[in-house]
Amino acid sequence: MNSSAPEKKLAPLTLAALGIVYGDIGTSPLYALKEVFAGAHPVAVTPENVLGVLSLVFWSLLIVVSIKYVAFIMRADNRGEGGIIALMALALRKTEGHQQAWIMLAGIVGAALFYGDGVITPAISVLSAVEGLEIATPALKAYVIPLTIGVLIALFSFQRKGTGGIGALFGPVMCLWFGTLAVLGVVNILEQPSVLKSFNPFYAYAFLASNPWLGFLALGGVVLVVTGTEALYADMGHFGRKPVQFAWFALVLPALLLNYFGQGALLLHDPAAIQNPFYLLAPNWALYPLVALSTAATVIASQAVISGAFSITSQAIQLGYAPRMEIQHTSDKEIGQIYLPAINWLLLFSVIALVLGFRSSTNLGAAYGIAVTGTMAITSLLAFVVVRKLWGWNVWTSGLLIGFFLVIDLAFFAANAIKI
């Protein structure tokens, strides 16, 4: 399909894109701040640290997601398809010899890392939602793993319906989810409005400068707020560029920022809330409904990387980088909407193995990030080739812009490399 949807289809495609594309990044509030302040390398819950981390979260969402991916990288589509394989195909058009070999290697490594993200995301997302039952009643802890596996089996069994049908079902749920994120955030921000000072980048700088090593390690948790950006780009072929961009700026970004700042406000008011700052945003009476909604949202979060894995595998088969396998086209209107049974069941098996091996979202959070940040860095390198060779930008403009993105990518990657 074309990279921009016809105007009359923008509303339904935006709603469907909300259900497929933004589930991954949209459920990061469940575990991102908890991982920074109570994860493998915990940061003390002090007002200075809370404001500093929130400032890092804000600028990461603005620079990495809004500017790099939504506004810039999504312009690089290969006949409407997005993702690391599409970017590699574009980069290969104007190169030859050894350059082509290096570009192919980078693209294949990036795709392999994306599959790693496709396995970890469903595991950590669904686990983190179901763990809300422990906050409600500690006696339910024994049921978290079995319930998580049951939810995952149901999700992967549903894939044959196709992304169009799934998106139509999931879109309204995600509208409710992002609305809930925003409301929970606003209620807590009104209690502690000083948290809004975090918009100032000085607080991020002060946090990193006051304790460089701890600040560096904290980046390994902060990166969790931008997980899902590669899936966002890979899923572009399912719906087109405009619906994905419109959904981000109109609903997803404001809701995420309000919720992260709400969690920060809660921590300023009550540092002990770090045991689970997301669920403690809500009043007690709302806890069970919130667990149910969170579980639905995390099921949808998993959809973003599953659909992305289908897209990337299909592109790899067409380019001769993957063996041929069955591809089912699930829509007679949108060519990008596909289902690959072999990839679907392989992902399910891998995800269940991960849940049984790690057993908690905190353990998975400590392992999460290498695949995401590695793919982000490779995307930046391939984007440099595209803007220089295909778009004809001069070397200074290309180098400054891509170099800026790459420094951020490598900082996140290095912080996550410690987790190995």
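Right above here is the structure, for reference.
Residues numbered from 1 in each chain as written. Predicted model: local features only at pLDDT ≥ 70, side-chain atom pairs only at ≥ 80, totals over all residues. Heavy atoms only, no water.

**Concerning the overall build of the protein**
Here is step 1: Summing up its helical and strand segments, the protein has 19 helices and two strands in all.
Here is step 2: The C-alpha radius of gyration computed for the protein amounts to 20 Å, which stays within 12% of the reference 22 Å derived for 420 residues, consistent with globular compactness.
Here is step 3: When its C-alpha atoms are laid out on the principal axes, the protein stretches across 60 × 45 × 45 Å.
Here is step 4: Every one of the 420 residues in the protein was classed for burial, and the buried ones make up 58%.
Here is step 5: Pairs at least 24 residues apart make up 83% of the contacts formed inside the protein by residues separated by at least 6 positions.
Here is step 6: Accessible area for the protein stands at about 16,200 Å²; split by element, carbon and sulfur atoms hold 68% of it. (Helix = DSSP H or I, 4+ residues; strand = E, 2+ residues; numbered from the N terminus. Rg over C-alpha atoms; globule rule 2.2 N^0.38 Å. Buried < 20%, exposed > 50% of the residue type's maximum accessible area, 1.4 Å probe, protein only. Contact = heavy atoms within 4.5 Å. Areas by Shrake-Rupley, 256 points an atom, 1.4 Å probe, with all protein chains shown as cover.)

**Looking at helix α19 (residues 395-417)**
Here is step 1: Taken together, the buried positions of α19 are Ser 398, Ile 402, Phe 405, Leu 406, Ile 408, Asp 409, Phe 412, Ala 415 and Asn 416.
Here is step 2: Its buried side turned inward, α19 meets α4 (47-72), α11 (212-222) and α18 (370-390).
Here is step 3: The N-cap residue of α19 is Asn 394: its side-chain oxygen and the backbone nitrogen of Trp 396 are 3.0 Å apart. (Polar contact = N/O pair within 3.5 Å; in protein donor to acceptor, adjacent residues only side chain to side chain.)

**Some remarks on the packing of helix α5 (residues 84-92) against helix α6 (residues 98-130)**
Here is step 1: Interhelical geometry of α5 versus α6 gives an angle of 175 degrees and a closest axis separation of 9 Å. When the interaxial angle is binned, α5 and α6 end up roughly antiparallel. Contacts between α5 and α6 involve Ile 84, Ile 85, Met 88, Ala 91 and Leu 92 from the first element and Gln 100, Ile 103, Met 104, Gly 107, Ile 108, Gly 110 and Ala 111 from the second. (Axes fitted to C-alpha atoms, helices over the stretch in contact; angles between N-to-C directions. Parallel < 35°, antiparallel > 145°, perpendicular 65-115°, else oblique.)

**Brief notes about the pattern of salt bridges**
Here is step 1: Taken as a whole, this structure holds two salt bridges when the rule is applied.
Here is step 2: With a shortest N-O distance of 3.0 Å, Asp 77 and Arg 241 are connected by a salt bridge. One end of the pair, Asp 77, is in the loop between α4 and α5; the other, Arg 241, is in helix α14 (residues 241-269), with 164 residues separating them in the sequence.
Here is step 3: Relative accessible area serves as the criterion here: at 19%, Arg 241 is assigned to the buried category. (Salt bridge = Lys/Arg side-chain N within 4 Å of Asp/Glu carboxyl O.)

**Observations regarding the nonpolar core**
Here is step 1: Tyr 22, Phe 37, Leu 61, Trp 177, Phe 178, Trp 248 and Tyr 260 are the most contacted members of the largest nonpolar core, which totals 142 residues.
Here is step 2: Discounting residues that sit within four places of it in the chain, Leu 61 has contacts with Ile 25, Ser 66, Val 225, Val 226, Trp 248, Leu 253, Leu 257 and Tyr 260. (Core = buried A, V, L, I, M, F, W, Y, C linked by side-chain atoms within 4.5 Å.)

**Observations concerning the environment of Gln 263**
Here is step 1: By secondary structure assignment, the location of Gln 263 is in helix α14.
Here is step 2: Considering only alpha carbons, one finds Gln 263 and Leu 184, 79 residues apart in sequence, at a separation of 8.8 Å.
Here is step 3: Among all residues touching Gln 263, those that are not within four sequence positions of it are Pro 29, Leu 33, Pro 277, Phe 278 and Leu 281.

**Considerations on the packing of α4 against α14**
Here is step 1: In the contact formed by α4 and α14, the axes pass within 10 Å of each other and the chain directions differ by 170 degrees. Between α4 and α14, the interaxial angle falls into the category roughly antiparallel. Between α4, through Pro 47, Val 50, Leu 51, Leu 54, Val 57, Phe 58, Leu 61, Val 65, Ser 66, Val 70 and Ala 71, and α14, the contact on the second element is made entirely by Gln 245, Trp 248, Phe 249, Leu 253, Leu 257, Tyr 260, Phe 261, Gly 264, Leu 267 and Leu 268.
Here is step 2: Of the residues that constitute the contact of α4 with α14, the class distribution is 18 nonpolar, three polar and no charged. (Nonpolar A, V, L, I, M, F, W, Y, C, P; charged D, E, K, R; others polar.)

**Comments concerning the packing of aromatic side chains**
Here is step 1: One pass over the full model with this rule turns up 13 aromatic pairs.
Here is step 2: Residues Phe 58 and Trp 59 carry aromatic rings whose centres are separated by 5.0 Å and whose planes lie at 75 degrees to one another, so their mutual orientation is edge-to-face.
Here is step 3: Take Trp 59: its relative accessible area is 27%, and that puts it in the partly exposed class.
Here is step 4: Considering the side-chain rings of Phe 202 and Tyr 203, the 5.9 Å spacing of their centres and the 75 degrees angle between planes classify their relative orientation as edge-to-face.
Here is step 5: Exposure remark for Tyr 203: the relative accessible area of 21% places this residue in the partly exposed category.
Here is step 6: The lysine or arginine in question, Arg 75, covers the ring of Trp 391, its NZ or CZ lying 4.8 Å from the ring centre. (Phe/Tyr/Trp six-rings, centres within 6.5 Å; stacked < 30°, edge-to-face > 60°. Lys NZ or Arg CZ within 6 Å of the ring centre and 35° of its normal.)

**Brief notes about unusual backbone geometry**
Here is step 1: In this structure, Arg 359 takes a positive phi of about 70 degrees despite not being glycine.
Here is step 2: Looking at Arg 359, the relative accessible area reads 48%, which means it is partly exposed.

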